[in-house]
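# Notes for the structure review
Here are the chains, one letter per residue:
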Amino acid sequence: MKKKILFVCIHNSARSQMAEAFLNQLCPDHFEAQSAGIEPGRLNPVVVEAMREVGLDISANKTKAVSDMIKSGQQFSYVITVCDETSAERCPIFPGPSTRLHWGFPDPSSFKGPPSEVLSKTRAVRDAIQKKIEHWCAEICETAASVP
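What counts, and at which threshold
Residues numbered from 1 in each chain as written. Predicted model: local features only at pLDDT ≥ 70, side-chain atom pairs only at ≥ 80, totals over all residues. Heavy atoms only, no water. Pairing = 2+ DSSP bridges. Helix = DSSP H or I, 4+ residues; strand = E, 2+ residues; numbered from the N terminus. Axes fitted to C-alpha atoms, helices over the stretch in contact; angles between N-to-C directions. Contact = heavy atoms within 4.5 Å. Expected span 1.5 Å × (residues − 1). Buried < 20%, exposed > 50% of the residue type's maximum accessible area, 1.4 Å probe, protein only. Phe/Tyr/Trp six-rings, centres within 6.5 Å; stacked < 30°, edge-to-face > 60°. Lys NZ or Arg CZ within 6 Å of the ring centre and 35° of its normal. Salt bridge = Lys/Arg side-chain N within 4 Å of Asp/Glu carboxyl O. Right-handed = clockwise from strand over helix to strand, strands pointing away. pLDDT = per-residue confidence, 0-100. Arc of directions from axis to C-beta. Polar contact = N/O pair within 3.5 Å; in protein donor to acceptor, adjacent residues only side chain to side chain.

### A look at the sheet that holds strand β2 (residues 31–37)
Taking strand neighbours across the sheet as the criterion, the four strands line up as β2-β1-β3-β4 in an open arrangement whose pairing is parallel. Taken across any chain shown, the strands that pair with only one partner, and hence form the sheet edges, are β2 and β4 (99–102). Across the sheet, the mean angle separating the axes of adjacent strands is 20 degrees when strand polarity is ignored. Sheet topology note: the strand β3 (residues 78–81)/β4 ladder contains four bridges and is parallel. Its bridge partner lying in β4, Thr81 is registered against His102. Contacts from helix α1 (residues 15–26) reach β1 (3–9) and β2 within the one sheet, and its direction differs from that of β2 by about 170 degrees.

Structural data, given as structure tokens:
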């Protein structure tokens, strides 16, 4: 049975969306990922572009509220916050018996500068999230495979 994972951030517009897409792509047999935000915003178009570059189209995704996820009564094996360290105090704590993890990444919506620079910084966050998920999947799936 797949474990349900919830990625949480402030606006559900960038980091949590990327993490959800990568986990669903990389470990579809083991996990079902969703994402939500404490204050859902609008999907970040630069993030959509950066994800399209690696073959993942998230353009049709909608931002979701953590409060709606709580009201839905869904149970998650893991709730993973992906807020940056400066926003960590605003990252929500999800109630329930899930394992909570925090993976801090910079917020692409805070990037300033020319569009090419913003895209470059967003790519760096995208790549860091992908790498973290690849390592985590390898670790979790290996551990699960070794349990009798």
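And the narrative resumes.
### Brief notes about α1
The end-to-end C-alpha distance of α1 is 16 Å, a good match for the 16 Å that twelve residues give at a rise of 1.5 Å each. All buried positions along α1 are accounted for by Arg15, Ser16, Gln17, Met18, Ala19, Glu20, Ala21, Phe22 and Leu23.

### Structural notes on the environment of Pro115
When you line up the elements, Pro115 lands in helix α4 (residues 115–146). Put simply, Pro115 and Val46 are 69 residues apart on the chain and 8.7 Å apart in space, counted from C-alpha to C-alpha.

### Some points on the packing of aromatic side chains
For any pair of aromatic rings, geometry is given as the distance between the ring centres together with the angle between the planes. For the coordinates displayed, the defined rule picks out four aromatic pairs. Relative to Trp136, the ring of Tyr78 has its centre 5.0 Å away and its plane inclined at 90 degrees; by these criteria the two rings are edge-to-face. Placement of the pair is Tyr78 in strand β3 and Trp136 in helix α4, with a sequence separation of 58 residues. Take Tyr78 and Trp136: they sit in the same class, and that class is buried. It is Lys4 that lies over the ring of Phe76; its NZ or CZ is 6.0 Å from the centre.

### Remarks on the pattern of salt bridges
Here the structure, examined in full by the defined rule, presents six salt bridges. One salt bridge in this structure joins Glu53 and Arg123, with 2.7 Å as the shortest N-O distance. With Glu53 in helix α2 (residues 45–53) and Arg123 in helix α4, this pair connects stretches of sequence that are 70 residues apart. Classification of Arg123 as partly exposed rests on a relative accessible area of 29%. When the shortest N-O distance is used, the salt bridge between Glu117 and Lys121 registers 3.2 Å.

### Comments concerning the pairing of β1
In terms of burial, β1 is a largely internal element, five of the seven residues being buried. Pairing between β1 and β2: seven bridges, direction parallel. Across the sheet, residue Lys4 finds its bridge partner in β2, namely Glu32. The parallel pair β1 and β2 is bridged by α1, and the resulting crossover is right-handed. Pairing of β1 with β3, which is carried by four bridges, proceeds in the parallel orientation. Looking at the pairing, Phe7 lines up with Ile80 of β3.

### Some details on the confidence of the model for the protein chain
Chain-level statistics for the protein chain give a pLDDT mean of 88 and a share of 88% at 70 or above. Under a pLDDT of 50 for its full length, residues 144–148 has, in the predicted model, zero contacts with residues more than four places off or in other chains.

### Points about α2
Looking at α2, one finds that the buried residues are Val47, Val48, Ala50 and Met51. The arc enclosing the buried residues of α2, seen along the axis, measures out at 165 degrees, which places them on a common side. Residue Asn44 occupies the N-cap position of α2, its side-chain oxygen lying 2.8 Å from the main-chain nitrogen of Val46. A positive phi of about 85 degrees marks Gly55, the residue just after α2.

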